[in-house]
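The chain contents come next:
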Amino acid sequence: MDKLFDVVFLDETFQFLSNLEKKHYEKIIFNIRKAQSRHDPELFKKLKDEIWEFRTLYQGLHYRLFAFWDKTDSGNTLVIATHGIVKKTSRAPDNEIQKAKQVRSRYFDDKEITKKTKK
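Values in this document were obtained by computation on a predicted structure and should not be read as measured data.

Chemist: I tried to follow the overall build of the protein chain on my own but got confused; where do I start?
Modeler: If you tally the helices and strands in the protein chain, you get three helices and five strands. Here the C-alpha radius of gyration of the protein chain, 15 Å, is about what a compact globule of 119 residues would show, namely 14 Å. Principal axes of the C-alpha set define a box for the protein chain whose edges measure 50 × 35 × 25 Å. Counting over 119 residues, the protein chain shows a buried share of 38%. Partitioning the intrachain contacts of the protein chain with sequence separation of at least 6 by distance along the chain shows that 53% fall at a separation of at least 24.

So this is what it looks like as structure tokens:
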């Protein structure tokens, strides 16, 4: 089955994943790969505004990787994973959503600057 999108992990996401036990990390990656091939809100869900979350429940822990879409390249749809948390409540914390929104804003600002300097 074709992938619906590619995933890019920003540095903070790599740091979060590298601090997890191997089996937990592997489960998160497994779920991301599943989400890439089918629409499943249990695995990848829109939160609010332009922020989404990859969702993994493993051994009683709720892992969330916050993300946003980058569809600016006509040949490649990307989902950018900004950072991750172990969720303790039923709702995604507003401060984590705000953090993802700030990273998204900086990402597109930097992309625009890079685009202008290449011309």
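Chemist: What is the right way to read the sheet that holds strand β1 (residues 6-9) from this model?
Modeler: Strand pairing in a sheet relies on backbone hydrogen bonds. The paired strands run either parallel or antiparallel. Read from one edge to the other, the open sheet built from five strands follows the order β1-β5-β4-β3-β2, with strand pairing classed as mixed. The open sheet terminates on both sides in strands that have one partner only, identified here as β1 and β2 (44-48). Sheet twist, expressed as the mean angle between neighbouring strand axes with direction ignored, is 40 degrees. Two elements, β1 and strand β5 (residues 78-87), share four bridges in a ladder whose sense is parallel. Counted as the bridge partner of Phe-9 is Ala-81 from β5. Packing against the sheet, helix α1 (residues 11-18) makes contact with β1, β4 (61-70) and β5, and its axis sits at approximately 40 degrees to β5. Lying over the sheet, helix α2 (residues 22-37) contacts β1, β2, β3 (51-58) and β4, oriented at roughly 130 degrees with respect to β3.

Chemist: I would appreciate a short explanation of the side chain of Thr-13 in the present structure.
Modeler: Mapped onto the secondary structure, Thr-13 falls in helix α1. Note on Thr-13: relative accessible area 0%, which makes it buried. For Thr-13, the side chain forms a polar contact with the main-chain nitrogen of His-83, separated by 3.2 Å. Sequence-distant contacts of Thr-13, that is, excluding residues within four places in its chain, are made with Leu-65, Ala-81, Thr-82 and His-83.

Chemist: Help me out: how do you make sense of the environment of Gly-75 in this one?
Modeler: Within the secondary structure, Gly-75 sits in the loop between β4 and β5. Exposure remark for Gly-75: the relative accessible area of 69% places this residue in the exposed category. Along the chain, Gly-75 and Phe-30 lie 45 residues apart, while their C-alpha atoms are 25 Å from each other.

Chemist: Help me out: how do you make sense of the packing of aromatic side chains in this one?
Modeler: Remark: the centre distance and the inter-plane angle together describe each pair of aromatic rings, the angle taken between the planes. The final tally for this structure, using the stated rule, is twelve aromatic pairs. Aromatic pair Phe-16 and Tyr-63: ring centres 6.4 Å apart, planes at 65 degrees, arrangement edge-to-face. With Phe-16 in helix α1 and Tyr-63 in strand β4, this residue pair connects regions lying 47 residues apart in the sequence. Classification of Tyr-63 as buried rests on a relative accessible area of 5%. For the ring pair Trp-52 and Trp-69, a centre distance of 5.7 Å and an interplane angle of 80 degrees mean the geometry is edge-to-face. Residue Trp-52 is located in strand β3, and its partner Trp-69 is located in strand β4; the two are separated by 17 residues in the primary sequence.

Thresholds applied
- Per-chain numbering applies: the sequence of each chain, read as written, is numbered from 1 onward.
- The model is predicted, so local features are restricted to residues of pLDDT at least 70 and side-chain atom pairs to those at 80 or more, both for listing and for counting; the totals for chains, interfaces and linings are taken over all residues.
- Side-chain numbers here rest on the full set of heavy atoms in the structure, without hydrogens or water.
- Runs of E in the DSSP output that reach at least two residues are strands. Runs of H or I that reach at least four are helices, and both are numbered from the N terminus.
- Throughout, radius of gyration means the C-alpha value; the globule benchmark is 2.2 Å times the number of residues raised to the power 0.38.
- Buried, partly exposed and exposed residues are distinguished by accessible area as a fraction of the type maximum, computed with a 1.4 Å probe on protein chains only: under 20%, between the cut-offs, and over 50%, respectively.
- By the convention used here, residues are in contact when the closest approach between their heavy atoms is within 4.5 Å.
- Note on pairing: two strands pair once DSSP finds at least 2 bridges between them.
- The convention used is that axes are lines fitted to C-alpha atoms, helices contributing only their stretch in contact, and that angles between N-to-C directions extend from 0 to 180 degrees.
- Two N or O atoms form a polar contact when they lie within 3.5 Å of each other; inside protein one atom must be a possible hydrogen donor and the other a possible acceptor, and for residues adjacent in sequence the pair counts only when both atoms belong to side chains.
- Ring geometry is summarised as follows: Phe, Tyr and Trp rings, the Trp one being its six-membered ring, pair when their centres sit within 6.5 Å, and such pairs are stacked at plane angles under 30 degrees, edge-to-face over 60 and tilted between the two.

Honestly, that's just the spatial picture; any functional story needs more than this.
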